[in-house]
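Okay, here's what each chain looks like letter by letter:
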Amino acid sequence: MPVLARRIEAAGIPTCVVTMMPQTASSLLTPRVVGVEFPFGHPFGRPGDRFVQRTVLTTALRVLAGAEQPQTRVDIDIEWPEPRGQAYKAWQPSEPSPIVAAMLNPKG
Amino acid sequence: MRVDSFRFLPRSFVPLYENVTPLEGEQDVVWAPFEPRLAGATIALLSSAGLSVAGEQEPFDLDRERGEPGWGDPTHRVIPSALGERALAMSHLHVNNDDTLADRNVSLPLDVLNELAAEGVVGASTRSHYSVMGYQQAGLGTWRTQTAPAIVDLLRDGGADGVILAPV
């Protein structure tokens, strides 16, 4: 996604990336980054949690409109409400992705 | 408070991400100033969740990815902001899809953006939003040469003053 953000930004359209991995996004010179400490697959929070969804989107909009320099990063201080182990397990697909399966079993 | 970027990442993957450096050809700083007032701005969304309009659009190609694990479908889909009750399909083999299928705003907050536009927080939502499928190790070249320019053209045609992007 940093690649797309950078291409869009270079074409003159401002961008802001909401991501679970803000350190990586910033390292890839993403112009504006909003970090969330949420499990993968949930950049705007949990289903039905409109308060958190609005908080994340409005923060991203403020950063989009208000950041004054490249590589701006703002992290959102919201703790995921489920225990880490439970959330870690829940975000993963029911079976390993093809690339992970290939890594686990390189001889196929 | 600093977000821990690796809190939910498998430990064996952390070394792949913790010391990344800018990609070749991506070392320059890019910056487009945001000029309008937010309350007058038209905003677009771009998700990497592999979303398509169920029953209307071709889903992303997961069969080929299953056969070629290093490949990911590099195409994009145009999602109407006035989606109403129509459902989105999600094609992504790297995360559990259930929560986005239960509430699209988890990955593509188009209903939230419509609310913010109605309240005057932003001027408007673009008429369309966009989705790609975020697993792109082999497809980055196509993203650069085809997908990104196509999305830029769509954003310009739609009058987007800014874009919120969200990888899953």
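From a predicted model like this one, the values you see are computed outputs, not experimental measurements. (Residues numbered from 1 in each chain as written. Chains lettered and ligands numbered in written order. Predicted model: local features only at pLDDT ≥ 70, side-chain atom pairs only at ≥ 80, totals over all residues. Heavy atoms only, no water.)

### Here we look at the confidence of the model for chain B
Summary statistics for chain B give a mean pLDDT of 95 and a share of 100% for residues scoring 70 or more. For this predicted complex, the interface confidence score (ipTM) comes to 0.96, while the overall pTM stands at 0.96. (pLDDT = per-residue confidence, 0-100.)

### A look at the nonpolar core
Within the largest apolar cluster, 48 residues are counted, with the highest numbers of intra-cluster contacts made by A:Val18, A:Leu57, A:Leu61, B:Ile43 and B:Ile164. For this core, the elements supplying multiple residues, two or more each, are strand 1 (15–19), helix 3 (50–66) and helix 4 (84–91) of chain A together with strand 1 (42–47), strand 2 (51–53), strand 4 (88–90), helix 4 (110–119) and strand 7 (162–166) of chain B. Considering every element that reaches this core, the biggest residue donor is helix 3 of chain A, with 7 residues. In terms of nonpolar packing, the next biggest core, distinct from the first, is built from 20 residues, A:Met1, B:Trp143, B:Ala148 and B:Leu155 among them. (Core = buried A, V, L, I, M, F, W, Y, C linked by side-chain atoms within 4.5 Å. Buried < 20%, exposed > 50% of the residue type's maximum accessible area, 1.4 Å probe, protein only. Helix = DSSP H or I, 4+ residues; strand = E, 2+ residues; numbered from the N terminus.)

### Focus: the packing of aromatic side chains
For the coordinates displayed, the defined rule picks out 2 aromatic pairs over all chains. Both rings, one in A:Phe38 and one in A:Trp80, keep their centres 5.2 Å apart while their planes meet at 55 degrees; by these two values the pair is tilted. Of the two residues, A:Phe38 sits in the loop between strand 2 (32–35) and helix 3 while A:Trp80 sits in the loop between strand 3 (72–75) and helix 4, which places them 42 residues apart along the sequence. What makes A:Phe38 buried here is its relative accessible area of 3%. Taking relative accessible area as the criterion, A:Trp80 reaches 8% and is therefore assigned buried. When the centroid spacing of 4.9 Å and the interplanar angle of 65 degrees are considered together, the rings of A:Phe40 and A:Trp91 count as edge-to-face. With A:Phe40 in the loop between strand 2 and helix 3 and A:Trp91 in helix 4, the pair connects residues that are 51 residues apart, well separated along the chain. With a relative accessible area of 7%, A:Trp91 lands in the buried category. Sitting above the plane of the B:Trp31 ring, A:Arg32 keeps its charged end 4.0 Å from the centroid. The ring centre of B:Phe60 lies 4.1 Å from the NZ or CZ of B:Arg77, which sits over that ring. (Phe/Tyr/Trp six-rings, centres within 6.5 Å; stacked < 30°, edge-to-face > 60°. Lys NZ or Arg CZ within 6 Å of the ring centre and 35° of its normal.)

### Here's the deal with the environment of A:Pro22
Its place among the elements puts A:Pro22 in helix 2 (residues 22–27). On the accessibility criterion, A:Pro22 (0% relative accessible area) is buried. When the C-alpha atoms of A:Pro22 and A:Thr72 are compared, they prove to be 10 Å apart, with 50 residues separating the residues in sequence. Look past the residues within four positions of A:Pro22 in its chain and what remains in contact with it is A:Val33, A:Gly35, A:Arg73, A:Asp75, B:Val3 and B:Ser5. (Contact = heavy atoms within 4.5 Å.)

### Concerning the interface of chain A and chain B
Chain A puts 75 residues into the contact, and the matching count from chain B is 75 residues. Taken over both partners, the interface formed by chain A and chain B buries close to 6,900 Å², and the fraction arising from carbon and sulfur atoms is 67%. With a shortest N-O distance of 2.8 Å, A:Arg6 and B:Glu26 are connected by a salt bridge. Summed over the shared surface of chain A and chain B, the number is 29 residue pairs in polar contact (both at pLDDT 80 or more). Of all the secondary structure elements, the ones that give two or more residues to the side of chain A that touches chain B are helix 1 (2–10), strand 1, helix 2, strand 2, helix 3, strand 3, helix 4 and helix 5 (98–104) of chain A. The element best represented in the side of chain A that touches chain B is helix 3 of chain A, accounting for 10 residues. Classifying every residue of the side of chain A that touches chain B gives 44 nonpolar, 17 polar and 14 charged. (Buried area = accessible area lost by both parts, 1.4 Å probe. Salt bridge = Lys/Arg side-chain N within 4 Å of Asp/Glu carboxyl O. Polar contact = N/O pair within 3.5 Å; in protein donor to acceptor, adjacent residues only side chain to side chain. Nonpolar A, V, L, I, M, F, W, Y, C, P; charged D, E, K, R; others polar.)

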